[in-house]
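Breakdown of the fold
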Amino acid sequence: MILGRLRQLMFDKKLSFSEARAIIRASTVFTTHTPLIEGNENFPAELVKKYLEKEIKGFGDNIR
C-alpha cells in the first residue's frame, strides 16, 4: 500500500520523492496487535526482494 501511495504521489501528483515521502510519513500509521514475531507476518529479505524489487525499480532514479 505504501508503494502504491508513493507511486500515486510521484507520478499522478508529480511530487518529488522527498515531498511524497514527507506526506506518507505524516499520514501513515502502522500498528501491530502483538509485539511477538510469532504473531506477525515475517518474511526473509530474499522473498521480499523477489516480489518488490521490480516494483521499486519502476520508480527509476526518482528515489534518491
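That block above? That's the structure.
Our subject in this report is the structure included herewith. Quick caveat: nothing in here was measured; it's all calculated off a predicted structure.

Points about the packing of aromatic side chains
Applying the stated criterion to the full structure yields one aromatic pair. Between the aromatic rings of Phe11 and Phe59, the centroid separation amounts to 5.9 Å while the plane-to-plane angle is 20°, which identifies the pairing as stacked. Here Phe11, found in helix H1 (residues 2-12), pairs with Phe59, found in the segment after helix H3 (45-57); they are 48 residues apart in sequence, far enough to count as distant. The exposure class assigned to Phe11 is partly exposed, which follows from its relative accessible area of 30%. Against the face of Phe59 rests Arg7, its NZ or CZ located 4.7 Å from the ring centre.

Section: the environment of Leu52
When you line up the elements, Leu52 lands in helix H3. Linking Leu52 and Leu3, residues 49 residues apart in sequence, is a C-alpha distance of 9.3 Å.

A look at the layout of surface pockets
Empty space left among the atoms is revealed by rolling a probe the size of a water molecule over them. By volume, the largest pocket is sized at about 170 Å³. Residue lining of the largest pocket: Met1, Leu3, Glu41, Phe43, Val48 and Leu52, and that is the complete set. Across the lining of the largest pocket, the residue classes break down as five nonpolar, no polar and one charged.

With respect to the pattern of salt bridges
As enumerated under the stated definition, the model contains three salt bridges in all. Linking Arg7 and Glu55 is a salt bridge whose minimum nitrogen-to-oxygen distance equals 3.2 Å. With a gap of 48 residues between them, Arg7 in helix H1 and Glu55 in helix H3 connect regions that are remote in the sequence. Two residues, Glu53 and Lys57, come together in a salt bridge whose shortest N-O distance is 3.8 Å. On the criterion of helical spacing, the pair formed by Glu53 and Lys57 is a turn pair, its members being four residues apart in helix H3. By relative accessible area, Glu53 is classed as partly exposed at 33%. The class of Lys57 is exposed, set by a relative accessible area of 59%. A cluster of three or more residues bridged by salt bridges with shared partners is formed by Lys49, Glu53 and Lys57.

Conventions adopted
- Residues numbered from 1 in each chain as written.
- Predicted model: local features only at pLDDT ≥ 70, side-chain atom pairs only at ≥ 80, totals over all residues.
- Heavy atoms only, no water.
- Phe/Tyr/Trp six-rings, centres within 6.5 Å; stacked < 30°, edge-to-face > 60°.
- Helix = DSSP H or I, 4+ residues; strand = E, 2+ residues; numbered from the N terminus.
- Buried < 20%, exposed > 50% of the residue type's maximum accessible area, 1.4 Å probe, protein only.
- Lys NZ or Arg CZ within 6 Å of the ring centre and 35° of its normal.
- 1 Å grid on protein atoms, 1.4 Å probe; cavity = no way out; pocket = protein on both sides within 12 Å on 5 of 7 lines; lining within 4 Å.
- Points joined across faces, edges and corners; volume = space filled by probe spheres on them.
- Nonpolar A, V, L, I, M, F, W, Y, C, P; charged D, E, K, R; others polar.
- Salt bridge = Lys/Arg side-chain N within 4 Å of Asp/Glu carboxyl O.

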